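# Commentary on secondary and tertiary structure
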Amino acid sequence: MREGLEAALIVGIIAAFLRKNGKPLTAMWVGVVCAVILSLAVGFVLNLTENALPQARQEMMESIIGLVAVFFVTGMVMWMNSHAHNLKRQLETEAAEAITRSSAMALASMAFLSVLKEGFETSVFLLATFSASQSAIWAAVGAILGLLVAILVGWGIYAGGIRINLSRFFRFTGLFLILVAAGLIISALRSAHEAGWLNAGQQRVADLTWLVTPGTIQSALITGVLGIPADPRLVEFAGWLIYIVAVAALIYWPAHLRPAPKRAAQFTAVTGAGLALTALLLFLVYPAPNADIPDEIPLVSRTSQQTVGHISSQPATGKPQFAVTLEGLPAAALTVPDDQLSKVTTSGKQEWQADYSYEPADASSPLTLDQVMEAYGNRIPVGLSPAQHPGPYQAKWTVNCSVDATMLRGVVVTAESHSSTYITLSGSGLQSPRTISARARNAEAGCDWQISPAFSQDIEQRLRDAVAAQDVYHFWAVILPSLFAILAFTCFFSASRQFRRLKGDRARGRSKQGLLDSSTHQ
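I will try to describe carefully the structure that is included in this document. (Residues numbered from 1 in each chain as written. Predicted model: local features only at pLDDT ≥ 70, side-chain atom pairs only at ≥ 80, totals over all residues. Heavy atoms only, no water.)

Take the packing of aromatic side chains next. Summed over the entire model, instances satisfying the criterion amount to 6 aromatic pairs. Ring centres 6.1 Å apart and planes at 40° place the aromatic pair Tyr-286 and Tyr-473 in the tilted group. On the criterion of sequence distance, the pair formed by Tyr-286 in the loop between helix 10 (261–285) and strand 1 (296–301) and Tyr-473 in helix 12 (residues 453–521) is long-range, its members being 187 residues apart. A centroid spacing of 5.5 Å and a plane angle of 90° characterise the contact between Phe-475 and Trp-476, whose relative ring orientation is edge-to-face. On the accessibility criterion, Phe-475 (17% relative accessible area) is buried. (Phe/Tyr/Trp six-rings, centres within 6.5 Å; stacked < 30°, edge-to-face > 60°. Helix = DSSP H or I, 4+ residues; strand = E, 2+ residues; numbered from the N terminus. Buried < 20%, exposed > 50% of the residue type's maximum accessible area, 1.4 Å probe, protein only.)

Structure follows, in structure tokens:
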């Protein structure tokens, strides 16, 4: 309603002034209609863009739109608080200049730019509100009612039946908008967390389910309008409180306690320097976390649970390979196929399979027919005829070791091997080598291992701790310095404007004094 009311006030004041001066309203309405159409188009495009994005990207965009809405609302509240007392005079002066130039284009442009500013702010604000609202229907009803009230007030101003103390009106409604914008900060910070941007400070600080039960009027007012959720988090509460205190102090600090303009400009510049220095120190000095992950993970036997070797915890640089070292066997390299690394579970783990081969230490050759039958499970292998191929046979033994593993953030957390032993027979009348499975073999010593479940749990806990530490580091060394840098730039820009204004005032003062002195001498 606030943005709509501002637009309605502007249109009503301009229309009343034109009617009083006997001028047509056609050019003004052309500018107003163009501004409304463009504002609707901006909101429509933003909404389409958001809906076309994947879920994570939607959360990112909702966070950005929320912060942009907060920026617009804050700037609007501060500007109207300082300009409301002479808004009518300023608009009438600009309209009079347009009439003097007899330019319909100038009048249309004035109305267009005045309404476009409010319309664009309304589009972004409503989009952010709809994203944060629990019920889109009630949010739409509230938006429509607010716009209807704004239109009625604007018509009342045009007709001359309504007179508003703009300074007092915007001062009181500004406080409400500060609370609404603070709620948008909560929504933006939560969307940033859901998008994966902000994971620090997610401790729950209060349980407000008793106050904002879904479906109640309290929930509609507290959560739907003011944006306060039932489970506020630490970073959300901090952002909400800091915003309210800082903006309310800037707007409502008593005039008699405010410093002189020069002192205020100096204080703003010093504040900017302090923020910039703090941002630089945080970025350079805050310690980066070190993940306590061993380079090698011990392997235990699946049958005896005794340590039998180790596997590298992370792949070799530039290669999807893992080194497996077992007692009594040469080191083996597990090469993971590229298509395996794309298998990601819902918990964020990568699942992959790889294998390696070796010759068992107890391999014997040649083998008699009875030995072949024993290895094959006391059966004659298919395709082997005792009459035609009585043995003995030359035997080449091969153990294929298949490994099923999962990785989390590039670190192996589970791995388990499974063996299959094959014998390739030749000689004894066989026209070509025959490969059979040695079914009677027990677990092979070189392929009877796993990462113990207890150690897997320990590695996962270390990784969770490392992720939490990295999130804290990202907040203190990246996000907070970036925010301080933006605030420092804003302070420097504001101080620069204040100094330029003071310099201009002094120049005008000297010019006036010179004119007075010259008139006195004459």
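Here we take up the environment of Asp-292. Note that Asp-292 resides in the loop between helix 10 and strand 1. A relative accessible area of 55% means that Asp-292 is categorised as exposed. The sequence separation of Asp-292 and Ile-459 amounts to 167 residues, and the corresponding C-alpha distance is 9.1 Å.

This part is about the state of the cysteines. Across all of its chains, the model carries 1 disulfide by this definition. Paired by a disulfide, Cys-401 and Cys-447 hold their sulfur atoms 2.0 Å apart. Linking Cys-401 and Cys-447, the disulfide has an S-S dihedral of approximately 85° and is accordingly described as right-handed. Placement of the pair is Cys-401 in strand 6 (residues 394–408) and Cys-447 in the loop between strand 8 (434–437) and strand 9 (449–450), with a sequence separation of 46 residues. Here Cys-401 and Cys-447 have matching classes, each one buried. (Disulfide = S-S within 2.5 Å.)

What follows deals with the nonpolar core. Considering soluble globular proteins, one finds that nonpolar side chains tend to be buried as a cluster. Ranked by size, the top nonpolar core spans 27 residues in total, and within it Ile-178, Leu-198, Tyr-243, Phe-475 and Phe-484 carry the most contacts. Every element with two or more residues in this core is listed here: helix 3 (55–83), helix 7 (166–194), helix 9 (234–252), helix 10 and helix 12. Excluding anything up to four places from it in sequence, Ile-178 contacts Tyr-243, Ile-244, Val-247, Ala-248, Ile-251 and Tyr-252. (Core = buried A, V, L, I, M, F, W, Y, C linked by side-chain atoms within 4.5 Å. Contact = heavy atoms within 4.5 Å.)

Below, the discussion takes up a positive patch on the surface. On the surface, Lys-262, Arg-263, Lys-503, Arg-506 and Arg-510 cluster together to form a positively charged patch. Mapped by element, the contributors of at least two residues to the positive patch are helix 10 and helix 12. By residue number, the principal contributor to the positive patch is helix 12, which donates 3 residues. Mapping Arg-506 onto the fold places it in helix 12. Using a relative accessible area of 46% as the deciding quantity, one classes Arg-506 as partly exposed. (Patch = residues over 30% accessible without salt bridge, like charges linked within 9 Å, V, L, I, M, F, W, Y side chains within 5 Å. Areas by Shrake-Rupley, 256 points an atom, 1.4 Å probe, with all protein chains shown as cover. Salt bridge = Lys/Arg side-chain N within 4 Å of Asp/Glu carboxyl O. Lys, Arg positive; Asp, Glu negative; His and termini not counted. Charge placed at Lys NZ, Arg CZ, Asp CG, Glu CD.)

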